[in-house]
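# Report on the structure
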Amino acid sequence: MMHVRLCISAPAFVLAMLMAAPAQAQPAADPPLTIDNVAPQSLPAGAEPDFQDRTAEPAPQAVPMPAAPVAENEINFEADRIDYDSDADIVRASGNVRVARQDAKLSADQVEWDRGAGTVIARGDVMLVNERGDRAFADEMDVTESLRDGVIANLLIVTNNENRLAAVRAERTDNIYVLDRAAFTPCKVEDSNGCPKEPTWQIQADRVVLDEARERVRYENARVSLFGLPLLPLPGLRHSIGEEGSSGLLVPDVGYDRRNGFQYVQPYYWRIARNRDLTLTPYIYSAELPMLGADYRALLSKGAYQITGYGTVSAVTSVSGEPDPTTEDRLRGYIAASGKFQFDPLWSLTGSLRYASDRTFLNRYDLSHEDRLRSTLNLERIGTRSYLSIAGWAFQSLRPGDDSGQVPIAIPAIDYRLRVTDPLLGGQVELQANSLSILRTEGQDTQRAFVGVTWKQSRLTRMGQEVSLTAYARGDVYNSAQNDLSPTVSYRGEEGWQTRGIAALALDVRWPFIGKAFGGTQRLTPRVQLVAAPRLANLHVPNEDARAIDLEDSNLFALNRFPGYDRFEDSTRITYGFDYRFDRPNFSFDTTVGQSYRIDDRASLLPNGTGLSDRLSDIVGRSQVRYKDFVSLTHRFRLDKDGLAVRRNEIEATVGTRRTYVEVGYLRLDRNITSGVEDLRDVEEVRLAARVAFARFWSVFGSTNIDLTGQTDDPTSTLSGFEPVRHRLGIAYEDDCLELGFTWRRDYQTVGDARRGNSFQLRLVFKNLGL
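Remember, predicted model here, so these are calculated numbers, not experimental data. (Residues numbered from 1 in each chain as written. Predicted model: local features only at pLDDT ≥ 70, side-chain atom pairs only at ≥ 80, totals over all residues. Heavy atoms only, no water.)

## Some details on the overall build of the protein chain
From N to C terminus, the protein chain includes one helix and 44 strands. The 771 residues of the protein chain split such that 43% are buried. For the protein chain, long-range pairs separated by at least 24 residues make up 51% of all intrachain contacts whose partners lie at least 6 apart in sequence. Surface summary for the protein chain: the accessible area is close to 39,100 Å², and the carbon and sulfur share equals 56%. (Helix = DSSP H or I, 4+ residues; strand = E, 2+ residues; numbered from the N terminus. Buried < 20%, exposed > 50% of the residue type's maximum accessible area, 1.4 Å probe, protein only. Contact = heavy atoms within 4.5 Å. Areas by Shrake-Rupley, 256 points an atom, 1.4 Å probe, with all protein chains shown as cover.)

Following this line, the structure appears as C-alpha cells:
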C-alpha cells in the first residue's frame, strides 16, 4: 500500500482543532460567548461517560507525525490514501491519518474535509495532542472549517498531569466546551496490574461547561462519587483545571472536642489577583460562638508577605482555673504576619509578628500548643566579605505563672562582621561589632556594645595532623538599670556603666587515621584542644543571652561554651576526645566522645549540675547509627565524672519505612542543677509514635507523650512520675488522589479554659482539585 504525504497551505484546516490551535478572530456580528450563557442540549438517555483509555490509544510521543509546518497557517498531514472528489469538492484521507499544525497533532482512521460546506469530520480512534501535552480522544469529531464550532462523540480529555474529563457528547464554540453527561477525576483508572478500575472519586454532572481560556469548569447538578458510591451533592460547583487557583469553596473539616463541641470548618478561597489571595474560614461550634479565620497572601515584585488572623467572642478563664473576675465574654483572637523583601542582591528585610489576646486562646481552639510567641524584624546586608544585621525582637509568654513584665524586648540588636581579605601572619582575620538594647516594662533594662577580632590559621603537617590556631580579643561596654528586679542574682551584674576586656588563645589538633575494616571504611580522629584565657569580671556585667548553659557534644570544643556573649569562659583548659566513623554500603556509624580539664584552680562561675563546675568536666558524647532508610538512631549522653551516673540520656530513633514505622523519643536530665537557675530544670519524658500499613492504602497510627518527671528528678515537681500529656490514635486512607482519616485525641492537662478531654476529627482531602 502506497503511503501518501500531502502538504497544504490554508487559512484554517481541521486540526489545530479543538482546544489545540490558537483561537481564530470571531466576526463582530457573533454574540459574545461566556461560560455562563451556553444553552443546554438534550441527549438520549442510557449512555455514560467513560474514563478508560481508548483501546487504540498511542502514546503522543510515539505517533509518527509529519514535519512541523514552516508557515503559521500551513498544515501538514500524511495518510495511506487520499482521495479528492472534485465534483463535491471533498478531500478524503484514510488509513493512519496524521495531521500537524504548529504544535497540534492529530491521528485518526479517517478525515473528511468538505470544502464547500466548510466542515471537517475525523472518525475512528481520533486523538488530538495540543502544545501542552493534553490529549483528547473521541469516536468522532465534527467541526467547522473555522474551528470555532464542533461536535464530539464519546470524548475523553487526559491532561498532561493525568486529570481526566469524559463526556458522552461534547460541543465546542470559541474555546468553550459544553459536555453532556460528563465526569471529572484526577485519580488513576488502572490498578497496579494495568487492569481498569473505578477511580477513587469522581465528580459527575448532567452538564459541564469548560472554558479553556479561563481554565475553569462549571458543573450543573454535580455530585461526588466516592469508591463508586454517591457521597454528597455539590450545587453550583466550579473549579480550576489550570496551574493557577481560582475562587471557590475548599474541602471542609469536621470534628468534635470537649472544649467546643461539634466543629464544622468551611474555608472559602478568594483569588483576588494573580499575585494576591484571601482564604476566609468560618469555624462553627455547637458549644461556643463561631470563630472567623482569615489568611491573606501577596507576592510583590521584591518580596512576599502573609497575614493570618483569628477572632471570636468567648469567656476567659484564668490559668489557675478560676473565672476571670473582670469580664464574662470578650473579644479574643490571634494575629500572625510574616514576610521577606529583597531590595537588591545585598539588602533584604525579613519580619514576623505573632500576638495572642490571652495565654490560652491558641490552646483553647487547638491552633497551637506553643508556650512562647516571638516577633522579629531584621534588616540584612549580605556581601561577599561582610554582613550587617539590624534587628528587633519581642516576646509574649503564654506560660502559666510567667510575669509579663519580665519578658524582654530587644531593640535594636545590631551585628556587623567583616572578613579581611589580606592574611595577617598567614591567618584569616574577622572583625565584629555588636550592640544590643533590652527593655522590660517591670524588670531590668540592659544596653551592651562590643568590638571584637578573631584571627585563625589552619595547617596540615607532614604527618597528617590538622592544626588550627585561634586568637580572640574583645572589648565590652554595658549599661544597666533596675538590676534588683532581676529574680536571679547571678544574672544581675552591677548597675550603671561597666566595661570588660576579653582575650583567648586556642590550639586545636586533630589527627585522622583512615583505613578499611569489616567490608567498609573507618576513620578514627583523636582530638586535643588547649584554650588559655585570663580571669574576667563576668559577674560585674548583666547576663541576658548566656543563661541556659549545659555541656554537650555540640559545644565541647567551642572557644566559649556559654551560648551567648554576656558570659565568657575564663579558664585555661585542655579538652580531649575522639571522633569515629564507619561506613559501608547501606550502613554508617559515627560517634563523638570527650571531656575537658581546667588547668587553673580559679573558682568557676558555672552552676553546679552543668557538667563544667569542677576542674574535671563530665564526659559527653553522641552516637548515630543509620541503616539504609530503615533505621536511624541518635543517642546523646553525659556521664558524671565521679561515679559515671547518667546526667543526660537522650534517644531519638526511627525504624521502618515511610508507611510503616516506629518513632521513639526519650529524654532524661538528672543534673542536680543549682536551684534558682532558669531553663535548666531536670525532666524525664518519653514520646512514642507509630504507623502500620495493613493494606495497600490503609494504615493505623498513634502517638503519645508522657511526662515521667517526679520528685526524684525535680524536688519542686508535683507530678506523680507518670503523667500523660497527650494521646492520639487514628485510621487513614491515602492513594494517589484521596486522603481520608479519622483521629481520636485526648489531652490530659487543663490550663485555664483549655480543658482536658477527648477530641475527634474527620479528615477528607480530594487531591488535585483546585476549587
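After presenting the structure, the write-up continues.
## What to know about the state of the cysteines
By the definition in use, this model includes one disulfide. The partner cysteine of Cys187 in its disulfide is Cys737, sulfur to sulfur 1.8 Å. Torsion about the S-S bond of the Cys187 and Cys737 cystine: about 95 degrees, corresponding to right-handed handedness. Taken together, the residues span a long stretch of sequence, with Cys187 in the loop between β10 (176-185) and β11 (201-211) and Cys737 in the loop between β42 (723-734) and β43 (738-747) at a distance of 550 residues. Judged on exposure class, the residue Cys187 and its partner Cys737 are both buried. (Disulfide = S-S within 2.5 Å.)

## Re the packing of aromatic side chains
Across all of its chains, the model carries 19 aromatic pairs by this definition. Between Tyr256 and Phe262, the ring centres sit 4.9 Å apart and the planes meet at 50 degrees, which makes this aromatic pair tilted. Classification of Phe262 as exposed rests on a relative accessible area of 57%. Connected via pairs of aromatic rings, a cluster forms that spans Phe227, Phe697, Trp698 and Tyr733. Residue placement shows Arg364 over the ring face of Tyr365; its charged tip is 4.9 Å from the ring centre. The cationic tip of Arg746 hangs over the ring face of Tyr748; the distance from NZ or CZ to the ring centre is 5.1 Å. (Phe/Tyr/Trp six-rings, centres within 6.5 Å; stacked < 30°, edge-to-face > 60°. Lys NZ or Arg CZ within 6 Å of the ring centre and 35° of its normal.)

## What about the side chain of Arg440?
For Arg440, the location among the structural elements is in the loop between β28 (427-439) and β29 (445-460). A distance of 2.7 Å separates a polar atom in the side chain of Arg440 from the backbone oxygen of Gln444. Within the structure, Arg440 has its side chain in polar contact with the side chain of Glu544 (distance 2.7 Å). Every residue in contact with Arg440, bar those within four places of it in the chain, is listed here: Gly405, Gln406, Val407, Pro408, Asp445, Glu544 and Arg547. (Polar contact = N/O pair within 3.5 Å; in protein donor to acceptor, adjacent residues only side chain to side chain.)

## Some points on the side chain of Arg622
If you trace the backbone, Arg622 turns up in strand β36 (residues 619-627). On the basis of relative accessibility, which here comes to 17%, the residue Arg622 falls in the buried class. Separated by 3.4 Å, the side chains of Arg622 and Asp553 make a polar contact. In this view, Arg622 contacts Asp553, Asp590, Thr591, Thr592, Thr634, His635, Arg636 and Phe637; residues no more than four positions away in its chain are not counted.

## Quick word on the environment of Ile411
Turning to its location among the elements, Ile411 is positioned in strand β27 (residues 409-424). When residues no more than four places from it in sequence are discounted, the contact partners of Ile411 are Gly392 and Ser437.

## Focus: the pairing of strand β14 (residues 229-233)
When you tally the buried positions in β14, you get zero out of five residues, a small fraction of the element. Between strand β13 (residues 223-226) and β14, which pair antiparallel and follow one another directly, the connecting turn spans two residues, one of which, Phe227, has a positive phi of 55 degrees. (Pairing = 2+ DSSP bridges.)

## Examining the nonpolar core
Counting 44 residues, the largest nonpolar core has Met141, Leu179, Trp201, Ile203 and Tyr219 as its most contacted members. Looking at this core, the element that brings in the most residues is β11, giving five residues. (Core = buried A, V, L, I, M, F, W, Y, C linked by side-chain atoms within 4.5 Å.)

## A few points about the pattern of salt bridges
Oppositely charged side chains may form a pair once their charged atoms are brought near each other. Overall, the coordinates contain 47 salt bridges when judged by the stated rule. A salt bridge links Asp614 to Lys641; the nearest nitrogen and oxygen atoms lie 2.5 Å apart. Here the residue Asp614 occupies a position in the loop between β35 (587-598) and β36, and Lys641 occupies one in the loop between β37 (631-639) and β38 (646-656), the gap between them amounting to 27 residues. For Asp614, a relative accessible area of 35% corresponds to the partly exposed category. With a shortest N-O distance of 2.8 Å, Glu650 and Arg648 are connected by a salt bridge. Classification of Glu650 as buried rests on a relative accessible area of 15%. With a relative accessible area of 12%, Arg648 lands in the buried category. Three or more residues are tied together by salt bridges with common partners; here these are Asp550, Glu552, Asp618, Arg638, Arg648 and Glu650. (Salt bridge = Lys/Arg side-chain N within 4 Å of Asp/Glu carboxyl O.)

## Some details on unusual backbone geometry
Negative phi values dominate among residues other than glycine, just as trans dominates among peptide bonds. Backbone torsion omega between Ile411 and Pro412 reads -5 degrees, so that peptide bond is classified as cis. One non-glycine residue with positive phi stands out, namely Arg181, at about 50 degrees. Within the secondary structure, Arg181 sits in strand β10. The phi angle at Leu644 is positive, at roughly 60 degrees, despite the residue not being glycine.

## Describing the environment of Ile152
Mapped onto the elements of the fold, Ile152 is located in strand β8 (residues 149-158). Overall, the relative accessible area of 1% leaves Ile152 in the buried class. Counting along the chain gives 30 residues from Ile152 to Ala122, while the straight-line C-alpha distance between them is 9.6 Å.

## Quick look at the environment of Asn543
Relative to the helices and strands, Asn543 is located in the loop between β33 (520-532) and β34 (573-584). According to the relative accessible area criterion, Asn543 is buried, its value standing at 2%. Counting along the chain gives 22 residues from Asn543 to Tyr565, while the straight-line C-alpha distance between them is 8.5 Å. Those residues in contact with Asn543, other than ones at most four positions away along the chain, are Tyr491, Asp566 and Arg567.

## Some words on the confidence of the model for the protein chain
Looking at the protein chain as a whole, its pLDDT mean stands at 83, while 84% of the residues score no less than 70. In the model of the protein chain, strand β1 (residues 4-9) stands out as the element of lowest mean pLDDT, 38, in contrast to strand β21 (residues 291-299), which has the highest, 97. Between residues 1-45, whose pLDDT stays under 50, and residues either more than four places distant or in other chains, the model counts 115 contacts. Here residues 56-63 scores under 50 on pLDDT; set against residues more than four positions off or in separate chains, the count is 11 contacts. (pLDDT = per-residue confidence, 0-100.)

## Points about the pairing of strand β22 (residues 303-315)
Looking at chain direction, β21 and β22 are connected through eight bridges and run antiparallel. Residue Ala294 lies in a different strand from β22, and its bridge partner there is Gly309. Linking β21 to β22, which pair antiparallel, is a turn of three residues. Of the pairings in the sheet, the one linking β22 to strand β23 (residues 329-342) comprises 13 bridges and is antiparallel in character. Across the sheet, Tyr305 pairs through a bridge with Gly339, a residue of β23.

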